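Working through the structure, step by step
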Amino acid sequence: MNILEWLQKINGVLWGAPSLILLFGTGVFLTLILKGLQFRKLGYAFKLAFSKEKEEDSSAEGDVSNYKALMTALAATIGNGNIAGVATAITIGGPGAIFWMWVVGLVGMATKYGEALLAMKYRVKNDNGEYAGGPMYYVEKGLGPKWKWLAISFALFGAIASLGIGNSVQSNTIASVVDESFHIDGWVTGVILAALTALIIFGGVKRISSVAGFFVPIMAVLYIVGAVIIIILNFDAVIPAMKLIFTYAFSPLSAVGGFSGVIVMEAVKSGVSKGIFSNEAGLGTAALIAGNAKADHPVKQALVAMTGTFIVTIIVCTMTALVLLITGFWDPTGGELSGVVHDPNLEAGALTTAAFGSSLGIVGEYIVTFSVIFFGFSTIIGWYVYGYKCFEYLVGTKITIYYGAVYILACFVGTVANLTTVWAFADMANALMMIPNLIALLLLYKVIKSETDDYFNRYLVEFEMKKAS
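One structure accompanies this document, and this report is about it. As the structure is a prediction and not an experimental result, all values here were calculated from the model. (Residues numbered from 1 in each chain as written. Predicted model: local features only at pLDDT ≥ 70, side-chain atom pairs only at ≥ 80, totals over all residues. Heavy atoms only, no water.)

**A few points about the side chain of N430**
Mapped onto the fold, N430 is located in helix 18 (residues 420-443). The exposure class of N430 is buried, given its relative accessible area of 6%. Ignoring sequence-local partners within four residues, the contact set of N430 consists of W15, A161, I165, L283 and W383. (Helix = DSSP H or I, 4+ residues; strand = E, 2+ residues; numbered from the N terminus. Buried < 20%, exposed > 50% of the residue type's maximum accessible area, 1.4 Å probe, protein only. Contact = heavy atoms within 4.5 Å.)

**Structural notes on the packing of helix 2 (residues 17-33) against helix 7 (residues 96-121)**
It is the contact of helix 2 with helix 7, at a shortest axis distance of 7 Å, that shows an interaxial angle of 60°. Of the two possible hands of crossing, helix 2 and helix 7 adopt the one that is left-handed. Between helix 2 and helix 7, the residues in contact are F24, T26, G27, V28, L30 and T31 and V103, V104, V107, A110 and T111, respectively. In the contact of helix 2 with helix 7, the residues fall into seven nonpolar, four polar and no charged. (Axes fitted to C-alpha atoms, helices over the stretch in contact; angles between N-to-C directions. Left-handed = near helix turned anticlockwise from the far one by under 90°. Nonpolar A, V, L, I, M, F, W, Y, C, P; charged D, E, K, R; others polar.)

**Remarks on the packing of helix 8 (residues 135-143) against helix 9 (residues 148-182)**
At their nearest, the axes of helix 8 and helix 9 sit 8 Å apart, and the two run at 180° to each other. With respect to each other, helix 8 and helix 9 are oriented roughly antiparallel. Of the residues in helix 9, those in contact with P135, M136, V139 and E140 of helix 8 are K148, L150, A151 and F154. Counted by class, the contact of helix 8 with helix 9 contains six nonpolar, no polar and two charged residues. (Parallel < 35°, antiparallel > 145°, perpendicular 65-115°, else oblique.)

**A short note on the packing of aromatic side chains**
Taken as a whole, this structure holds 23 aromatic pairs when the rule is applied. Both rings, one in F29 and one in Y445, keep their centres 5.2 Å apart while their planes meet at 75°; by these two values the pair is edge-to-face. Taken together, the positions of F29 in helix 2 and Y445 in helix 19 (residues 445-468) put the pair 416 residues apart, joining distant regions of the chain. Residue classification places F29 among the partly exposed positions, given a relative accessible area of 29%. You can call Y445 partly exposed: its relative accessible area is 27%. Geometrically, the ring pair formed by W100 and F250 is edge-to-face, given 5.7 Å between the ring centres and 65° between the ring planes. Placement of the pair is W100 in helix 7 and F250 in helix 12 (residues 238-250), with a sequence separation of 150 residues. Among the residues examined, W100 registers a relative accessible area of 17% and is labelled buried. Take F250: its relative accessible area is 52%, and that puts it in the exposed class. An aromatic cluster of three or more residues is present, and its members are F99, W100, W102, F246 and F250. (Phe/Tyr/Trp six-rings, centres within 6.5 Å; stacked < 30°, edge-to-face > 60°.)

What follows is the structure, encoded as structure tokens:
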């Protein structure tokens, strides 16, 4: 048995039912103890995220604004999982998988809220005078020194995962798309990507967050506008598409032609797993940048952070899903289910590209092509922050420049390498990040609840009184 086969077996266990139940269960548990805060306070959370910094918040400690912290997290999270991941979820689990993707996204908002809150509460200042936060700090400081092994485990696998799924996998996807669309060799793309990555990441967290603050809204709007145009052009197909989602979330999809059919459990599993892949709620990654945010109370940044999950899953992923469903390109048999004839060998990102192209022609195809490039590159620079924070926890700030050099090298190698094994190893590292983080969230739930009660029962009331006077 080779290393790839071993990794696939390990991943079958790590990403099996127990882990998915732990992940989903944590979100449900936090939703209950917070009394559905992600629904009750969603409007207020968006107001905090996108409003200009208030005068009374200007003295809050931190390295970047709430908005820039959110954009940096979105840069890492809005990636090719929102394009390829959604297509894969539908072709494997049927249209019903999207419903379960929504469910895991909505409960995942509570998970991400908890992660960001704890990151802010237990953050520290490093030797460079910058703030550092994340699961390793709230594990060690919140649970005590005896849990340090768990904190080290998260940091170690976080640093490894950043080189794989946050970097090499993304650069490989970009190189493949560029080669297919513009016939540019992978090594050329690799040199350009590595140079651009170096230019941005060696400017530190502040430069990365500034680039993300400018870059993320543009790339998201480009993709969403393209999807909205397709939806408008096919408006009469939207309601039937929504019926497909809700019908097959609870009913099996019968076998037709070359399609083997989908049982409800497959729709659930596909929707949950791809939902996690697209929004990262539970992995602890967003907490790694949340600790740098300027906020005078942990709850403020926690509310901002949870909007990221809503944007990624409920908005971006839904746009992709609707385009695939209303154009008929969700049908993996190539037309027997949807009546749309296409190459049945198309999968993942290529299926999304074909769906956009079917309505918008070459313009639609280029929208997806450039979205893959932009989404992938933003993920590379966003995940650098995650990996850097993990590496800093393990070895300190003095030699983290070496991590930057390795990160840039991995970016180039990804454009020319076969990454099947890297994908498998990155999946394993992600799972091994997730488990310590979820354990910490469950054990520290009282802290999450008490900080939330403090903010809404005392701090917010005092602020409103001060504002009125």
